[in-house]
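The lines below spell out each chain.
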Amino acid sequence: MLIVQNIIANKEAYIKALTKRNFDAAAVLEEIIGLDESRRATQTKLDNTLADSNKFSKEIGMLFKNGEQQKANLLKEKTAQLKDSSKQLSTELTDIQEKLIQLLYTIPNVPHDSVPNGQSDEDNEEIFREGDIPVLEEGALPHWELAKKYDIIDFELGVKITGAGFPVYKGKGARLQRALISYFLDKNTDAGYKEFQVPHLVNEASGYGTGQLPDKEGQMYHVTGDDLYLIPTAEVPVTNMFRDELLQESDLPICCTGYTPCFRREAGSYGAHVRGLNRLHQFDKVEIVRIEKPENSYNALDGMVDHIKSILNDLQLPYRILRLCGGDIGFTAALTFDFEVFSTAQDRWLEISSVSNFESYQANRLKLRFKDAKGKNQLAHTLNGSSLALPRVLAGILENYQTPKGIKIPEVLVPYCGFEYID
């Protein structure tokens, strides 16, 4: 969430910047500033009341010691009144702070200056493209038909077991899936990211910490009996490992990677573009997360983009990079780059990675700080990226690598798969 002191100092600039998101922040920022004034005034009253109460308590002891019981009893009455006042002020302060937090939760991150204006994904800015789109032979099939032809993914069996959006990978399809996970993790650890295995369920505090709650509550699976949430991405548990931590400057940067299944309700997703692997309720993803000093975070973002480029270059898939516009960027991000692979059989681009800098937005929720060289506590910057989300990468491989002989396995994956073709 945004920092209140920054809102007070930069109110007009924030209002203007948030219009890029088509978000009218004027009224809510004014309300936050008013609540903060009330908070500070109430805190001052509470501090003064407690100070007077402590002062009188000491005087009461001295008066009793000196035999001045009447004066002592009068002060005791005042002290009792002050204690009642302090309880009331404490309750008022808690209420104000809760209202303030709830309002802050409703405001998205301020977009970086480089974020383009726009209303939707149609206004995203293409900044890079790599690879030639293959020319497939006549009769080329989309991945859901290839999956059936080679018996490697069974969508109907997933419906029988659970429901739509929960595919079953079989035989060489399962092995290719496992190969991609291993290759992505090896690529990330070779680049200096430390691997973690994390829980697939998180508590409410973790959901609020990275900003999935309350913004995306309707998209998360909620285990109501235990008040836990199935994770929509490894970003949530990995980043929350550092919640309420005070790091040393020498600890930074912290670079993490992890594989998890991901669970998303994807409510309201219908139509031809969600067929097959294009949009699932359960899917596998390998994630990278970085904790950085503020002055280094945008260099780190560039490094993450280059790292994901290298993965897609290894896979030899045609891809492009988009800078997301204000109308499409995620709630918590200051700047996001999306990677898309081209699906030749579907004749469309498929998103396979988002790489974002959240600046201090998540860290403020997480209370994730570091002690700088001057001994001052500062909020860290957090970043994350998919490297990569498997379903659409797999769809791209199946469709772009199909041949009359079968589906050729990208050369970099052959040692992981143990075979060169799905036939």
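Computed from a predicted model, the values in this text were never measured in an experiment. (Residues numbered from 1 in each chain as written. Predicted model: local features only at pLDDT ≥ 70, side-chain atom pairs only at ≥ 80, totals over all residues. Heavy atoms only, no water.)

This next bit is on the overall build of the protein chain. Within the protein chain, the regular secondary structure consists of 13 helices and 19 strands. Once the C-alpha set of the protein chain is aligned to its principal axes, its extents read approximately 105 × 45 × 40 Å. Out of the 423 residues belonging to the protein chain, those deemed buried represent 49%. When contacts within the protein chain are restricted to residue pairs at least 6 apart in sequence, long-range pairs at least 24 apart make up 74% of them. Roughly 20,500 Å² of accessible area belongs to the protein chain as shown, and the carbon and sulfur atoms make up 47% of that amount. (Helix = DSSP H or I, 4+ residues; strand = E, 2+ residues; numbered from the N terminus. Buried < 20%, exposed > 50% of the residue type's maximum accessible area, 1.4 Å probe, protein only. Contact = heavy atoms within 4.5 Å. Areas by Shrake-Rupley, 256 points an atom, 1.4 Å probe, with all protein chains shown as cover.)

Before going further, it helps to spend a moment on the sheet that holds strand β8 (residues 246-248). One open sheet holds the three strands; their spatial order is β8-β14-β15, and the pairing between them is mixed. Strands with a single pairing partner mark the edges of an open sheet, and in this sheet they are β8 and β15 (377-379). Adjacent strand axes in the sheet meet at a mean angle of 40° when their direction is disregarded. Pairing of β8 with strand β14 (residues 369-371), which is carried by three bridges, proceeds in the parallel orientation. Bridge pairing links Gln 248 to Lys 371 in β14. (Pairing = 2+ DSSP bridges. Axes fitted to C-alpha atoms, helices over the stretch in contact; angles between N-to-C directions.)

In terms of residue burial, strand β13 (residues 348-359) counts as a mostly covered element, since nine of its 12 residues are buried. Judged from the nine bridges that link them, strand β12 (residues 335-343) and β13 form a sheet pairing that is antiparallel. Bridged to Asp 338 within β13 is Ser 354. Counting the residues in the hairpin turn of β12 and β13 gives four residues, including Asp 347, whose phi is positive at 55°. As paired strands, β13 and strand β16 (residues 381-389) are joined by four bridges and run antiparallel to one another.

Let's shift gears to a negative patch on the surface. The grouping of Glu 204, Glu 217, Asp 226 and Asp 227 at the surface amounts to a negative patch. When you line up the elements, Glu 204 lands in helix α8 (residues 204-210). (Patch = residues over 30% accessible without salt bridge, like charges linked within 9 Å, V, L, I, M, F, W, Y side chains within 5 Å. Salt bridge = Lys/Arg side-chain N within 4 Å of Asp/Glu carboxyl O. Lys, Arg positive; Asp, Glu negative; His and termini not counted. Charge placed at Lys NZ, Arg CZ, Asp CG, Glu CD.)

Turning next to the pairing of strand β9 (residues 254-263). Counting buried positions along β9 yields nine of 10 residues, so the element is predominantly enclosed. Relative to β9, strand β4 (residues 194-195) runs parallel, the two being bridged by two bridges. Its bridge partner lying in β9, Lys 194 is registered against Cys 256. Taken together, the 10 bridges between β9 and strand β10 (residues 282-292) define a ladder with antiparallel strand orientation. Bridging across to β10, Ile 254 finds its partner in Ile 291.

Attention shifts here to the packing of helix α7 (residues 171-190) against helix α12 (residues 390-400). Contact geometry of α7 with α12 gives a least axis separation of 11 Å together with a crossing angle of 115°. Considering the relative orientation of α7 and α12, their crossing is right-handed. Only Leu 390, Val 393, Leu 394 and Ile 397 of α12 make contact with α7, whose side of the interface consists of Leu 176, Gln 177, Leu 180, Ile 181 and Phe 184. Counted by class, the contact of α7 with α12 contains eight nonpolar, one polar and no charged residues. (Left-handed = near helix turned anticlockwise from the far one by under 90°. Nonpolar A, V, L, I, M, F, W, Y, C, P; charged D, E, K, R; others polar.)

A word on the nonpolar core. Counting 61 residues, the largest nonpolar core has Leu 180 and Phe 184 as its most contacted members. Of all the elements, helix α10 (residues 297-315) adds the most residues to this core, at eight residues. Residues within four places of Phe 184 in sequence aside, it is in contact with Val 286, Ile 311, Leu 315, Ser 387, Leu 388, Leu 390 and Val 393. Among the nonpolar cores identified, the runner-up in size contains 29 residues, and Ile 7, Ala 25, Ile 33 and Tyr 105 belong to it. (Core = buried A, V, L, I, M, F, W, Y, C linked by side-chain atoms within 4.5 Å.)

What follows concerns the pattern of salt bridges. Inspection of the entire model under this criterion finds 18 salt bridges. A salt bridge links Glu 30 to Lys 11; its shortest N-O distance comes to 2.7 Å. Separated by 19 residues along the polypeptide, Glu 30 in helix α3 (residues 26-65) and Lys 11 in helix α2 (residues 11-18) bring together distant segments of the chain. With a relative accessible area of 42%, Glu 30 lands in the partly exposed category. The residue Glu 295 makes a salt bridge to Lys 293 at a minimum N-O spacing of 3.9 Å. When its relative accessible area of 18% is taken as the criterion, Lys 293 is described as buried. Among the ionic contacts, a cluster of salt bridges with common partners joins Glu 126, Arg 129, Arg 320 and Glu 340.

Let us now look at the sheet that holds strand β6 (residues 222-223). If you walk across this open sheet you meet the three strands as β5-β7-β6, and the pairing is antiparallel. At either end of the open sheet lies a strand with only one pairing partner, and these are β5 (201-203) and β6. Bridge count between β6 and strand β7 (residues 228-230): two bridges; the pairing is antiparallel. Residue pairing for β7: His 222 is matched across the bridge by Tyr 229.

This paragraph deals with the side chain of Asn 384. Among the structural elements, Asn 384 can be located in strand β16. At a separation of 2.3 Å, a polar atom in the side chain of Asn 384 contacts the side chain of Glu 287. Discounting chain neighbours no more than four positions away, the residues touching Asn 384 are Glu 235, Glu 287, Ile 288, Val 289, Met 304, Ser 354, Val 355, Ser 356 and Phe 358. (Polar contact = N/O pair within 3.5 Å; in protein donor to acceptor, adjacent residues only side chain to side chain.)

Structurally, His 200 can be placed in the loop between β4 and β5. Each C-alpha atom of the pair His 200 and Leu 228 lies 9.9 Å from the other, and the pair is 28 residues apart in sequence. Residues within four places of His 200 in sequence aside, it is in contact with Tyr 229, Leu 230, Ile 231, Thr 260 and Pro 261.

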